[in-house]
Amino acid sequence: MATALLIVDMLNEFVSGKMRCDDAPGIVPKIKGLADCFRKKGLPVVYICDTHYPGVDRELELWGEHAISGTWGAEVVDELKPQGRDFVVRKRRYSGFFQTDLDLLLRELEVDRVALTGIDTNICVRHTAADAFFRGYRVAVVRDAVASWDGAKANEEGIRYMSEIYGAEVQSAEEIIESLEQKGTHRQEKGQGGANP
Ligand code: ZN
């Protein structure tokens, strides 16, 4: 069984667009380092991407238009662009599991543990962590690779919540990389990634 890296909502809209999270650019290098390590080890890298239908998605009533399907805002930031074997899962609500094929994908990849990165710690990361926990996955939160619109204190509180309520392991990017380096390379991944060009 394997760990998958989940990269939540590192999209132009939230990193440098109109709904930007000030702390998001700071976690990009950590996520990049993790993604490179997971790829090298043959472990899945899965992007979870907010992608909304304008005039349809109820979530937009709450937040205004953002990450609209087919626009720059819904694309992953250039520094973290998906590569050959990576997967991209589009979502229309906070959780990466809700009405998406993420659970099927992870099961077929024989994943039993997810390492969560991205934004927002208290919204999409947290709801994805909850759904992972409900489905029996072990959850790790990479504490220096998640961020919140509400700053460092809210980020810490969100991490603590996931630790207490979902039993999430809280690790730094470096700790995750070190633990993967100690293990062998995962068997060759099945099939081709679903990354968008
Ligand atoms: Zn959204």
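Rules used in this analysis
Residues numbered from 1 in each chain as written. Predicted model: local features only at pLDDT ≥ 70, side-chain atom pairs only at ≥ 80, totals over all residues. Heavy atoms only, no water. Helix = DSSP H or I, 4+ residues; strand = E, 2+ residues; numbered from the N terminus. Rg over C-alpha atoms; globule rule 2.2 N^0.38 Å. Buried < 20%, exposed > 50% of the residue type's maximum accessible area, 1.4 Å probe, protein only. Contact = heavy atoms within 4.5 Å. Areas by Shrake-Rupley, 256 points an atom, 1.4 Å probe, with all protein chains shown as cover. Lys, Arg positive; Asp, Glu negative; His and termini not counted. Charge placed at Lys NZ, Arg CZ, Asp CG, Glu CD. Axes fitted to C-alpha atoms, helices over the stretch in contact; angles between N-to-C directions. Parallel < 35°, antiparallel > 145°, perpendicular 65-115°, else oblique. Nonpolar A, V, L, I, M, F, W, Y, C, P; charged D, E, K, R; others polar. Phe/Tyr/Trp six-rings, centres within 6.5 Å; stacked < 30°, edge-to-face > 60°. Donors = N, O, S within 2.8 Å, 3.2 Å for Na, K, Ca; no water. Tetrahedral: all angles 85-135°; square planar, octahedral: opposite > 155°, others 65-115°. Core = buried A, V, L, I, M, F, W, Y, C linked by side-chain atoms within 4.5 Å.

Novice: I'm lost on the overall build of the chain in this one. Help?
Specialist: Looking only at helices and strands, one finds 7 helices and 6 strands in the chain. Reading the chain from its N terminus to its C terminus gives the helix and strand order β-α-α-β-α-β-α-β-α-β-α-β-α. Since a compact globule built from 197 residues should have a radius of gyration of about 16 Å, the 15 Å found for the chain is in line with a globular shape. Within the chain, buried positions represent 52% of all 197 residues. Taking the intrachain contacts of the chain between residues at least 6 apart in sequence as the baseline, contacts between residues at least 24 apart amount to 80%. Accessible area for the chain stands at about 9,300 Å²; split by element, carbon and sulfur atoms hold 50% of it. Across the chain, 25 positive and 32 negative side-chain charges occur, with their mean positions spaced 3 Å apart.

Novice: How should I be thinking about the packing of helix 2 (residues 24-40) against helix 7 (residues 173-182) in this particular structure?
Specialist: Running from N to C, helix 2 and helix 7 cross one another at 10°; their axes reach a closest spacing of 10 Å. The orientation of helix 2 with respect to helix 7, classified from their angle, is roughly parallel. Here Lys-30, Gly-33, Leu-34, Cys-37, Phe-38 and Lys-40 of helix 2 come into contact with helix 7, specifically with Ala-173, Ile-176, Ile-177, Leu-180 and Glu-181. In terms of residue class, the contact of helix 2 with helix 7 is made up of 7 nonpolar, 1 polar and 3 charged.

Novice: Got a minute to help me understand the packing of aromatic side chains in this structure?
Specialist: Each aromatic ring pair is described using two quantities: the centre-to-centre distance and the angle formed by the ring planes. All told, the structure shown has 5 aromatic pairs when counted by the stated rule. With a centroid separation of 6.2 Å and 55° between ring planes, the pair formed by Phe-133 and Phe-134 is classed as tilted. On the basis of relative accessible area, Phe-133 is assigned to the partly exposed category, the value being 38%. Exposure remark for Phe-134: the relative accessible area of 59% places this residue in the exposed category.

Novice: How do you make sense of the coordination of the zinc ion when you look at a structure like this?
Specialist: In an ideal tetrahedron of four donors about a metal, each angle is 109.5 degrees. In an ideal octahedron of six donors, the angles are 90 or 180 degrees. At the metal site, the zinc ion is ligated by Asp-50 (OD), His-52 (NE2), Glu-59 (OE) and His-66 (NE2), and these contacts range over 2.0 to 2.1 Å. Each of the 4 donor atoms bound to the zinc ion contributes to angles spanning 94 to 156°, and the resulting shape is irregular. The sequence pattern describing where the donors of the zinc ion fall on their chain is D-x1-H-x6-E-x6-H. The exposure class of His-52 is buried, given its relative accessible area of 0%. The exposure class assigned to Glu-59 is buried, which follows from its relative accessible area of 8%.

Novice: What exactly am I supposed to notice about the nonpolar core here?
Specialist: Within soluble globular proteins, side chains that are nonpolar tend to cluster in buried spots. Grouped together as the largest cluster of nonpolar side chains are 36 residues, with contacts concentrated most on Leu-5, Ile-7, Met-10, Leu-34, Phe-38, Ile-119 and Ile-176. At 8 residues, helix 2 tops the list of elements feeding residues into this core. In this structure, Ile-119 is in contact with Val-8, Asp-9, Met-10, Phe-14, Cys-21, Ala-24, Ile-27, Cys-124, Val-125 and Ala-147, ignoring residues within four places of it in sequence. By size, the runner-up hydrophobic cluster in this structure holds 29 residues, among which are Phe-97, Val-125, Ile-159 and Met-162.

Novice: Just checking my understanding: could you explain the packing of helix 5 (residues 124-134) against helix 6 (residues 151-166) for this structure?
Specialist: For any two helices packed against each other, one specifies the crossing angle of their axes together with the interaxial distance. Contact pair helix 5 / helix 6: the axes reach a minimum separation of 11 Å and the direction vectors enclose 10°. As the angle between them shows, helix 5 and helix 6 are arranged roughly parallel. Residues Val-125, Arg-126, Ala-129, Ala-130 and Phe-133 of helix 5 touch helix 6, and the partners they reach there are Tyr-161, Met-162, Ile-165 and Tyr-166. Among the residues making up the contact of helix 5 with helix 6, the classes are represented as 8 nonpolar, no polar and 1 charged.

Novice: Sorry if this is basic, but what is going on with the side chain of Asn-155 here?
Specialist: Mapped onto the elements, Asn-155 comes out in helix 6. Classification of Asn-155 by relative accessible area gives buried; the value is 11%.

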